[in-house]
Amino acid sequence: MYLSYLWWILEPLLFVAVFYVVFSFLLDRGTEKFVFFLMCGKIPYLWLSKSITVASNSLLLNKGLIASIEIPNVVFPYIAIQEVLYKQWVTFLILFVIAIYFDSQPDIRWLWLIPITITTYLMLVAFSLIGSILVTYVQDFRILINMGMLFLMFASGIFWDINDIQSDYWREAILIFNPLAFLINAYRSVLMFNQPFDVLHLTLLATFFIALTLVMHLLFRSLNSKLTQQVLQS
């Protein structure tokens, strides 16, 4: 492509620009910091969405390599995840620049971004490993995963504030059962408002995703030969 690595920067900016035009100009729902608000939601979402989508297809896309050498199949989702991570750091730098532009000055509270980002990574690893097994056995899951990513985009508070929900029941339900919504809200709490977030909730999420990842590693180990056969037969 002519623009090559510039797409790492342009893609998230174009996504945000589209939402900004729709909600700020067409629907007249934008605020002074709406671009900043969108970036805090869209960048973590893109990281999650790309990682799960690419990693879910990683075994099938590496069919030739799997047929040629003996290697644990769990390696291939991780390669896809790390490739997306390698590109994603640029977009987070953009987010930090925008935060500073909107007078959110870096201070010690920004260190809370470290556990939030680690938990986001743990989440996408766990879901990517699940997706890679499902797609390998039933390729129709590709469509379901894409639909799931679309659902998360609308249900996770990317272009609306979850704290605007009047019902305490539904607000808490979304934060509990949609970990992406909680993480996006946590990013905004730190970067936009310099406010604390529920550290216990974050700790429980991280623990859950670590446990889920360990379970998926055990599953990959027990299914390694069957996964190889399934890939070669596809």
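If you're wondering where the values come from, they're calculated on a predicted model, not measured in any experiment. (Residues numbered from 1 in each chain as written. Predicted model: local features only at pLDDT ≥ 70, side-chain atom pairs only at ≥ 80, totals over all residues. Heavy atoms only, no water.)

Points about the packing of aromatic side chains
And step 1. Enumeration over the complete set of coordinates arrives at 13 aromatic pairs.
And step 2. On the basis of an interplanar angle of 40° and a centroid distance of 5.7 Å, the ring pair of Phe 96 and Trp 110 is categorised as tilted. Of this pair, Phe 96 sits in helix α5 (residues 75-101) while Trp 110 sits in the loop between α5 and α6 (113-137), placing them 14 residues apart in sequence.
And step 3. Residue classification places Trp 110 among the buried residues on the basis of a relative accessible area of 12%.
And step 4. Where Phe 127 meets Phe 209, the ring centres are 5.5 Å apart and the plane angle is 85°; that geometry is what we call edge-to-face. Of this pair, Phe 127 sits in helix α6 while Phe 209 sits in helix α10 (residues 199-233), placing them 82 residues apart in sequence.
And step 5. For Phe 209, a relative accessible area of 1% puts it in the buried group. (Phe/Tyr/Trp six-rings, centres within 6.5 Å; stacked < 30°, edge-to-face > 60°. Helix = DSSP H or I, 4+ residues; strand = E, 2+ residues; numbered from the N terminus. Buried < 20%, exposed > 50% of the residue type's maximum accessible area, 1.4 Å probe, protein only.)

A closer look at the side chain of Thr 91
And step 1. The residue Thr 91 is located in helix α5 in this model.
And step 2. Under the relative-accessibility criterion, Thr 91 is labelled buried at 5%.
And step 3. In terms of polar contacts, Thr 91 uses its side chain to reach the backbone carbonyl oxygen of Gln 88, at 2.6 Å.
And step 4. Excluding anything up to four places from it in sequence, Thr 91 contacts Trp 8, Pro 12 and Ile 43. (Polar contact = N/O pair within 3.5 Å; in protein donor to acceptor, adjacent residues only side chain to side chain. Contact = heavy atoms within 4.5 Å.)

What to know about helix α9 (residues 179-191)
And step 1. Its 13 residues give α9 an end-to-end C-alpha distance of 18 Å, which sits within 8% of 18 Å, the value for a rise of 1.5 Å per residue.
And step 2. Summarising burial for α9: 13 of the 13 residues are buried, a large majority. (Expected span 1.5 Å × (residues − 1).)

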